[in-house]
Amino acid sequence: MTRSLALMAGIAGAAGATGLAAMVKPAATRALLRLPEGEASGYALRIAGMMLFALGLFLGGFAAVFTLAGGAA
């Protein structure tokens, strides 16, 4: 695996884990970011978490398919 693919896989893992944590536990993320309590901030954190999780899935998936297709010779 080349250095760039390892970097992509690391970023994908970090983005996916961060996004999943923000989706599942928005109250903990809100406290960590020191955001005010409210319904709007909870929805915003869930949306941001889903976007980060999707980034992790797509980036990791593309890196895996590129490696399996023989692109990292």
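Conventions and cut-offs
- Residues numbered from 1 in each chain as written.
- Predicted model: local features only at pLDDT ≥ 70, side-chain atom pairs only at ≥ 80, totals over all residues.
- Heavy atoms only, no water.
- Helix = DSSP H or I, 4+ residues; strand = E, 2+ residues; numbered from the N terminus.
- Expected span 1.5 Å × (residues − 1).
- Buried < 20%, exposed > 50% of the residue type's maximum accessible area, 1.4 Å probe, protein only.
- Arc of directions from axis to C-beta.
- Contact = heavy atoms within 4.5 Å.
- Patch = residues over 30% accessible without salt bridge, like charges linked within 9 Å, V, L, I, M, F, W, Y side chains within 5 Å.
- Areas by Shrake-Rupley, 256 points an atom, 1.4 Å probe, with all protein chains shown as cover.
- Salt bridge = Lys/Arg side-chain N within 4 Å of Asp/Glu carboxyl O.
- Phe/Tyr/Trp six-rings, centres within 6.5 Å; stacked < 30°, edge-to-face > 60°.
- Axes fitted to C-alpha atoms, helices over the stretch in contact; angles between N-to-C directions.
- Parallel < 35°, antiparallel > 145°, perpendicular 65-115°, else oblique.
- Left-handed = near helix turned anticlockwise from the far one by under 90°.
- Nonpolar A, V, L, I, M, F, W, Y, C, P; charged D, E, K, R; others polar.

Visitor: Which residues make up helix 1 (residues 3-24), and what are the values?
Guide: One turn of an α-helix holds 3.6 residues; hence residues three or four places apart share an orientation. Given a rise of 1.5 Å per residue, 22 residues ought to cover 32 Å, and the 32 Å separating the end C-alpha atoms of helix 1 matches this to within 8%. If you check which residues of helix 1 are buried, you get L5, A12, A15, G16, G19 and A22. One face of helix 1 carries all of its buried residues, which in axial projection span an arc of 135 degrees. Along helix 1, the residues that are exposed and aim more than 90 degrees away from the buried face are R3, L7 and V24. Packing partners of the buried residues in helix 1 comprise helix 2 (26-33) and helix 3 (39-68).

Visitor: I'd like to hear about a nonpolar patch on the surface, residue by residue, with values.
Guide: Together, L32, L33 and L35 make up an exposed nonpolar region whose accessible area comes to about 320 Å². Inspection of the secondary structure assignment puts L32 in helix 2. Given a relative accessible area of 70%, L32 falls into the exposed group.

Visitor: Please provide a residue-by-residue account of helix 3, values included.
Guide: End to end, helix 3 covers 43 Å across 30 residues, agreeing with the expected 44 Å (1.5 Å per residue, within 8%). Three or more residues of helix 3 are buried, namely S41, G42, L45, G49, G56 and A63. Those residues of helix 3 hidden inside the fold are in contact with helix 1 and helix 2. After helix 3 finishes, the residue G70 shows a positive phi value of roughly 90 degrees.

Visitor: If you had to explain the packing of aromatic side chains to someone new, which residues and values would you point to?
Guide: Summed over all chains, the structure comprises 1 aromatic pair. A centroid spacing of 6.3 Å and a plane angle of 35 degrees characterise the contact between F58 and F62, whose relative ring orientation is tilted. Residue F58 and its partner F62 are both found in helix 3; the two are separated by 4 residues, about one turn of the helix.

Visitor: Please give an account of the environment of A64 that cites residues and values.
Guide: With respect to the helices, strands and loops of the structure, A64 is situated in helix 3. A C-alpha to C-alpha distance of 18 Å links A64 and A17, two positions 47 residues apart in sequence.

Visitor: Account for the packing of helix 1 against helix 3, naming residues and giving values.
Guide: At a minimum axis separation of 7 Å, helix 1 and helix 3 run at an interaxial angle of 155 degrees. It follows from the interaxial angle that helix 1 and helix 3 lie roughly antiparallel. Note that helix 1 runs across helix 3; the crossing there is left-handed. Of the residues belonging to the contact of helix 1 with helix 3, the class tally is 16 nonpolar, 7 polar and 1 charged.

In short, geometric facts, not functional conclusions.
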